Amino acid sequence: FTKMALGLTTALALCLPASAESLRLSHNTGDTTTWQQGADKFAELLAAETGDEYEVRVFPNAQLSGGDQMKQAEMTGRGAIDLVLTSAINVTPLAPEMAAFSLPYLYADYDAVDRTTAGKAGDKMEEIMAGHGIRILAWGENGFREVTNSKHPIKSPEDMNGLKMRVAGPMYIDVMNDLGANPQQMQWTETFPALQQGVVDGQENPIGAVIIPQRVYEVQKYITPWHYSYDPLFLGISKEKWDGLDDETRAQFQKAADEAMAYQIEISREATAEGLEFLKEQGMEVYEPTPEDLAAFKEATQPSFDKWSEQIGADIVKLFTDEASAQ
Ligand code: X2X
């Protein structure tokens, strides 16, 4: 009997790890977005890879940094948060170089985006973020940020004149000023009520990753897919945590991150591709800008492109413009 009990204990020990380590992952948006789906996928894959040795708990709405979306990265950098899924524009207070991804009208299409994250520009940003205590495991996608508002269709820079616009980060303040709008920085979690109550007239966000899953169409009437700025996500781990992992575990984290972010990009692009039709069904009015309209928006936002290029540094900007324009 003792032998049997012993056998049972051994069998249990084999299938259950002695103690799963719990890690906290913070992200900016609500729990209906493709951000959340990517984070959940990472948790699922990491548990599978490690035989349940690691449990990832996902916290939406920047809860772990008291609702301050710009603080998540800095907290991860000093080890107060284990993992972060956030976007480039959110870390620009910490690493202004990351604004390079989102310079106005840098990218013509997804191919240009993908060359950048996979190439030297992405490598350089990984090096810079490592200097802030964050190991970037993989790039994901927030997406091309499109403008919505409650007042009138946006067809030209003049239509932006005087609109009260909520923006996520400092570079977008400058871009909105170029367009004659009246921008203010605000937490994403406070944006829906601000739009609803008319505290602001408009906002800009990607269609598939944010606008649809966070039901922005309920409080906004007009959308113009003007593709003015691209915003990548990254899944990062505190360097302190990473440095404490052995090689085998690192490979498991890496694999789970690569697969989870590839999935997150795929579902964000799918949702975006079908998104305008859905938004029309919800009662939004879509204005599809012509090439001439886009040229006018690009010209109007050139001062911000130049100002931020100077701030980021010409050598880094060149890494991005080279990859963006390569064929
Ligand atoms: O705050 C935003 O606009 C959002 C959700 O896109 C980001 O976190 C960058």
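Summarised in this report is the structure supplied together with it. This is a predicted model, so every value here is computed, not measured. (Residues numbered from 1 in each chain as written. Predicted model: local features only at pLDDT ≥ 70, side-chain atom pairs only at ≥ 80, totals over all residues. Heavy atoms only, no water.)

**Description of the environment of Asp82**
Piece 1. Examined against the element boundaries, Asp82 turns out to sit in the loop between α3 (72-77) and β3 (83-87).
Piece 2. Each C-alpha atom, one on Asp82 and one on Ser22, is 9.5 Å from the other, the two residues being 60 residues apart in sequence.
Piece 3. Setting aside residues up to four positions removed in sequence, Asp82 forms contacts with Ser22, Leu23, Arg24, Thr76, Gly236, Ile237, Ser238 and Lys241.
Piece 4. A polar contact is formed between the side chain of Asp82 and the backbone nitrogen of Arg24, at a distance of 2.8 Å. (Helix = DSSP H or I, 4+ residues; strand = E, 2+ residues; numbered from the N terminus. Contact = heavy atoms within 4.5 Å. Polar contact = N/O pair within 3.5 Å; in protein donor to acceptor, adjacent residues only side chain to side chain.)

**Section: the side chain of Asp174**
Piece 1. Relative to the elements of secondary structure, Asp174 occurs in helix α6 (residues 170-178).
Piece 2. The exposure class assigned to Asp174 is buried, which follows from its relative accessible area of 17%. (Buried < 20%, exposed > 50% of the residue type's maximum accessible area, 1.4 Å probe, protein only.)

**Remarks on the pairing of strand β4 (residues 134-149)**
Piece 1. Burial runs high along β4: 15 of the 16 residues are buried.
Piece 2. Alignment of β4 against strand β8 (residues 222-238), held across 13 bridges, turns out to be antiparallel. Across the sheet, the residue bridging to Arg135 is Ile237, located in β8.
Piece 3. Sheet analysis places β4 next to strand β7 (residues 202-206), joined by five bridges and oriented antiparallel. Bridge pairing links Arg145 to Pro206 in β7. (Pairing = 2+ DSSP bridges.)

**Remarks on helix α13 (residues 302-312)**
Turn by turn, an α-helix covers 3.6 residues, leaving residues three or four places apart pointing in a common direction.
Piece 1. Buried residues of α13: Ser304, Phe305, Trp308, Ser309 and Ile312, and no others. When α13 is viewed along its axis, its buried side chains cluster within an angular range of 130° and face the same direction. (Arc of directions from axis to C-beta.)

**Section: unusual backbone geometry**
Piece 1. Phi at Asn61 takes a positive value of approximately 55°, unusual for a residue other than glycine.
Piece 2. In this model, Ala62 sits at a positive phi of 50°, which is unusual for a non-glycine residue.
Piece 3. Relative to the elements of secondary structure, Ala62 occurs in the loop between β2 (54-59) and α3.

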